[in-house]
2 protein chains.
Amino acid sequence: MRREFKKKSKILLIDDNYEHLVGIRELLNLEGTFDVVGIATNVTVGLNLIKKSQPDIVLLDMNMPDRDGLQGITEIAKLDLGTKVLALSGYDDADLIFRAMKLGAKGYVLKTMASAQLIYAIEEVINGKIYLPLALSSRFFEYFQQSFREESEKQTSDEENLLSYLTQREEEVLELLTQGVTYKGVAGKLFISETTVKTHVNNIFQKLQVNDRTQAVLYAINNGFLSKKVKMGV
Amino acid sequence: MRREFKKKSKILLIDDNYEHLVGIRELLNLEGTFDVVGIATNVTVGLNLIKKSQPDIVLLDMNMPDRDGLQGITEIAKLDLGTKVLALSGYDDADLIFRAMKLGAKGYVLKTMASAQLIYAIEEVINGKIYLPLALSSRFFEYFQQSFREESEKQTSDEENLLSYLTQREEEVLELLTQGVTYKGVAGKLFISETTVKTHVNNIFQKLQVNDRTQAVLYAINNGFLSKKVKMGV
DNA sequence: CTTAATATTGACCATATGGTCTATATCTTT
DNA sequence: AAAGATATAGACCATATGGTCAATATTAAG
């Protein structure tokens with residue numbers, strides 16, 4: 001009884017497979033706690049519907065022509081209506097999962113999952129949580145760790161990181177170079193003469209086997225010199 | 001009976017809290033499917049024990065002096081014995097969880113969790129899976145998405161990405177600059193005179209509001225010029 | 001104590017880089 | 001046809017950058 005008075009969550013479905021779309025709508029309508037405010041077979045139409053009906057959550061298919069699905073996440077986020085996106089996909093492509101989550105999807109579910117689990121996922125997301133089924137989060141983490149592993153392997157693969165040969169002072173100089181500071185600036189900041197800076201810089205070039213500051217900076221960035229930052233394929 | 005013959009998984013515990021260490025050992029011994037081959041109250045000792053006893057899995061406390069826990073993950077990985085690490089922590093610090101997983105931990109559990117869940121986690125990890133309790137994976141994903149959100153906001157926060165004002169030709173020149181190519185080199189590669197390169201470069205500086213090539217390159221890298229790469233706080 | 005590594009500086013020079021101004025030649029758009 | 005954006009290029013100049021050699025002070029290692 002009381003449930004009748006509780007405001008239903010508004011949900012919108014986007015999937016290029018019309019039959020599937022209708023199927024899910026029926027399922028959710030049967031469930032009764034959701035209000036399916038619209039369905040769309042492509043992102044463009046979906047975006048317009050979102051603007052009009054301002055759903056709480058969008059069930060967005062990832063396996064659509066081009067990369068409409070991923071782009072859809074971004075575009076829905078751009079609307080800045082706080083719409084939550086639950087990604088939906090036919091298979092557990094780790095790369096797709098990773099990208100979807102990176103772009104801000106609040107969850108990712110498979111079409112093959114039991115309807116009860118789908119409904120549970122929707123509820124969790126509406127309640128502000130992030131929902132990734134165990135199987136998918138495993139895929140995600142494998143992919144996640146893999147990309148970092150490759151990255152760190154790449155860094156040390158050239159025998160040793162040449163950066164390790166730099167002396168402390170040389171590192172200080174290089175750090176300033178990576179901030180775009182000029183020689184004169186470095187001299188000022190380190191309270192040494194410009195000549196000294198040049199000497200250090202020359203030694204840095206020798207050790208990093210480069211011929212100019214730009215290459216040195218690039219080497220530093222690409223080899224984890226700014227240890228706080230790590231790059232990651234997207 | 002047959003279980004007696006099944007090879008038990010070797011497990012090693014590292015935690016600076018000795019009582020906790022002993023407690024877990026007792027728990028695992030009671031369980032019977034594990035063989036606790038060693039305990040250590042610091043990483044250094046732990047590493048030596050790992051080398052000797054080659055455990056399948058290490059339960060590694062994250063809340064140790066300095067950042068011993070995180071470093072421990074890296075150092076265990078460096079041993080290259082295929083040792084799996086299950087991180088253990090007193091509280092659900094999102095940053096810690098994120099870093100631990102990034103460094104290759106196969107899972108993360110809280111000391112407050114029911115012992116049954118701990119045992120389940122250990123078994124999952126031993127079986128090659130990644131185990132993150134729902135609550136922690138939520139923390140993880142919030143943190144994960146947050147860092148990407150901040151990154152993309154940072155990129156477009158200055159109204160618009162200044163890179164978008166560059167003409168096609170200017171982009172080509174800038175791209176070569178980001179590869180450490182000299183003016184002469186650019187001229188050669190684009191079949192134009194060095195003077196023309198300089199003109200383009202000057203225009204680039206104007207548009208990006210910088211004064212030298214290093215700054216231009218840094219701007220390009222930090223603002224998604226190499227759109228395939230994204231940086232991420234670690 | 002002696003040697004080696006590091007940090008510092010000066011001098012000198014060649015070339016690269018960056019700033020400014022002017023001037024064509026295309027190409028697109030109005 | 002005219003206006004605007006783009007790509008091209010020369011001239012001139014000031015400064016920054018990079019290369020090389022030599023020298024001193026300090027510190028670390030043997």
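Residues numbered from 1 in each chain as written. Chains lettered and ligands numbered in written order. Predicted model: local features only at pLDDT ≥ 70, side-chain atom pairs only at ≥ 80, totals over all residues. Heavy atoms only, no water.

### Focus on the packing of aromatic side chains
At step 1: Enumeration according to the criterion identifies 23 aromatic pairs over all chains in this entry.
At step 2: Arranged with centres 5.3 Å apart and planes meeting at 90°, the rings of A:Phe144 and B:Phe140 form a pair that is edge-to-face. Separated into two different chains, A:Phe144 in helix H7 (residues 134-157) and B:Phe140 in helix H7 (residues 134-157) make up a pair that spans both.
At step 3: One aromatic cluster in this structure is built from A:Phe98, A:Phe140, A:Phe141, A:Tyr143, A:Phe144, A:Phe148, B:Phe98, B:Phe140, B:Phe141, B:Tyr143, B:Phe144 and B:Phe148.
At step 4: Over the ring of B:Phe148 we find A:Lys102, and its NZ or CZ is 4.5 Å from the ring centre. (Phe/Tyr/Trp six-rings, centres within 6.5 Å; stacked < 30°, edge-to-face > 60°. Helix = DSSP H or I, 4+ residues; strand = E, 2+ residues; numbered from the N terminus. Lys NZ or Arg CZ within 6 Å of the ring centre and 35° of its normal.)

### Some details on the sheet that holds strand E2 (residues 34-40) of chain A
Residue and element names in this part refer to chain A.
At step 1: Pairing is parallel across the open sheet formed by five strands, whose spatial order is E2-E1-E3-E4-E5. The strands lining the two open edges of the sheet, one partner per strand, are E2 and strand E5 (107-110). Shown here is a sheet whose adjacent strand axes are inclined to one another by a mean of 25°, direction ignored.
At step 2: Across four bridges, strand E4 (residues 84-89) lies against E5 in parallel orientation. Counted as the bridge partner of serine 89 is leucine 110 from E5. (Pairing = 2+ DSSP bridges. Axes fitted to C-alpha atoms, helices over the stretch in contact; angles between N-to-C directions.)

### Examining the sheet that holds strand E3 (residues 57-61) of chain B
All names here are of chain B.
At step 1: Taking strand neighbours across the sheet as the criterion, the five strands line up as E2-E1-E3-E4-E5 in an open arrangement whose pairing is parallel. On the outer flanks of this sheet lie strand E2 (34-40) and strand E5 (107-110), each paired with one strand and no other. Ignoring which end each strand starts from, the neighbouring axes of this sheet average 25° apart.
At step 2: Across the sheet, helix H2 (residues 18-31) touches strand E1 (9-14), E2, E3 and strand E4 (84-89), and the angle it forms with E2 is around 170°. (Contact = heavy atoms within 4.5 Å.)

### Focus: the protein's contact with DNA strand D
At step 1: Taken together, 17 residues lie around DNA strand D, and A:Tyr183, A:Asn202, B:Thr167, B:Ser193 and B:Thr195 are the ones closest in.
At step 2: When atoms of DNA strand D within 4 Å of the protein are sorted by moiety, sugar and phosphate together comprise 68%.
At step 3: In this structure, A:Lys198 approaches DNA strand D through a side-chain N or O atom, which is 2.8 Å from a base oxygen.
At step 4: A distance of 2.6 Å separates a phosphate oxygen of DNA strand D from a polar side-chain atom of B:Thr167.
At step 5: Secondary-structure elements contributing two or more residues to the surface near DNA strand D are helix H9 (183-190) and helix H10 (194-208) of chain A together with helix H10 (194-208) of chain B.
At step 6: Top element by residues in the surface near DNA strand D is H10(B). It accounts for four residues. (Near = heavy atom within 4 Å. Polar contact = N/O pair within 3.5 Å; in protein donor to acceptor, adjacent residues only side chain to side chain.)

### A short note on the environment of B:Phe141
At step 1: Along the chain, B:Phe141 falls in helix H7.
At step 2: Separated by 43 residues in sequence, B:Phe141 and B:Phe98 place their C-alpha atoms 8.7 Å apart.
At step 3: Excluding anything up to four places from it in sequence, B:Phe141 contacts A:Met101, A:Ile130, A:Leu132 and A:Phe140.

### Focus on unusual backbone geometry
Residue and element names in this part refer to chain A.
At step 1: Positive phi, normally seen in glycine, also occurs at glutamine 209, with a value near 55°.
At step 2: Checked against the element boundaries, glutamine 209 lands in the loop between H10 and helix H11 (213-222).
At step 3: The exposure class assigned to glutamine 209 is exposed, which follows from its relative accessible area of 62%. (Buried < 20%, exposed > 50% of the residue type's maximum accessible area, 1.4 Å probe, protein only.)

### Here's the deal with the side chain of B:Gln145
At step 1: Structurally, B:Gln145 can be placed in helix H7.
At step 2: Polar contacts involving the side chain of B:Gln145 include one to the main-chain carbonyl oxygen of A:Met101, which spans 2.8 Å.
At step 3: If we ignore the near neighbours within four places in the chain, the residues touching B:Gln145 are A:Met101, A:Gly104, A:Ala105, A:Lys106 and A:Ile130.

### Some points on the protein's contact with DNA strand C
At step 1: Surveying the vicinity of DNA strand C reveals 18 residues, the closest of which are A:Thr167, A:Ser193, A:Thr195, A:Thr196 and B:Tyr183.
At step 2: A:His200 is positioned with one of its side-chain polar atoms (N or O) 2.9 Å from a phosphate oxygen of DNA strand C.
At step 3: Here a phosphate oxygen of DNA strand C sits 2.7 Å away from a polar atom, N or O, in the side chain of B:Asn202.
At step 4: In terms of residue count, H10(A) provides more of the surface near DNA strand C than any other element does, five residues in total.
At step 5: For the surface near DNA strand C, the residue count by class is three nonpolar, nine polar and six charged. (Nonpolar A, V, L, I, M, F, W, Y, C, P; charged D, E, K, R; others polar.)

### Thoughts on the packing of helix H3 (residues 43-53) of chain B against helix H4 (residues 68-79) of chain B
When two helices pack together, their arrangement is given by the angle between their axes and by how far apart the axes lie.
All names here are of chain B.
At step 1: It is at 10 Å that the axes of H3 and H4 come closest, and there the two elements cross at 25°. Relative to H4, the element H3 is oriented roughly parallel. The handedness of the crossing between H3 and H4 is right-handed. Within the contact between the two elements, H3 uses Val43, Leu47, Ile50 and Lys51 and H4 uses Asp68, Gly72, Glu75, Ile76 and Leu79.
At step 2: Each residue belonging to the contact of H3 with H4 can be placed in one class, and the counts come to five nonpolar, one polar and three charged. (Parallel < 35°, antiparallel > 145°, perpendicular 65-115°, else oblique. Left-handed = near helix turned anticlockwise from the far one by under 90°.)

### Quick word on the pairing of E2(B)
In the case of a regular strand, side chains alternate between the two sheet surfaces.
Residues and elements named next belong to chain B.
At step 1: With five of seven residues buried, E2 is to be regarded as a mostly interior element.
At step 2: The pairing of E1 with E2 spans six bridges and is parallel. In the sheet register, leucine 12 faces E2, and the bridge partner there is glycine 38.
At step 3: Taken together, E1, H2 and E2 form a β-α-β motif whose crossover is right-handed. (Right-handed = clockwise from strand over helix to strand, strands pointing away.)

### Side note on the nonpolar core
At step 1: The biggest cluster of nonpolar side chains holds 102 residues, and the ones touching the most others in it are A:Phe140 and B:Phe140.
At step 2: B:Phe140 has contacts with A:Phe140, A:Phe141, A:Phe144, B:Ile97, B:Phe98, B:Met101 and B:Leu132, leaving out every residue within four places of it along the chain.
At step 3: Core analysis: the next-biggest nonpolar cluster, separate from the first, contains 47 residues, A:Val181, A:Ala216, A:Val217 and B:Leu174 among them. (Core = buried A, V, L, I, M, F, W, Y, C linked by side-chain atoms within 4.5 Å.)

### With respect to the pattern of salt bridges
Residue and element names in this part refer to chain A.
At step 1: All chains considered together, the criterion is met by 12 salt bridges over all chains.
At step 2: Between lysine 111 and aspartate 61 there is a salt bridge, with the nearest N and O atoms lying 3.4 Å from each other. On the criterion of sequence distance, the pair formed by lysine 111 in the loop between E5 and helix H6 (115-126) and aspartate 61 in strand E3 (residues 57-61) is long-range, its members being 50 residues apart.
At step 3: Since its relative accessible area comes to 29%, lysine 111 is described here as partly exposed.
At step 4: A residue is classified by how much of its surface remains accessible, and aspartate 61, at 0% relative accessible area, is buried.
At step 5: Each of the salt bridges in this network shares a partner with another, and the network as a whole consists of Asp15, Asp61 and Lys111. (Salt bridge = Lys/Arg side-chain N within 4 Å of Asp/Glu carboxyl O.)

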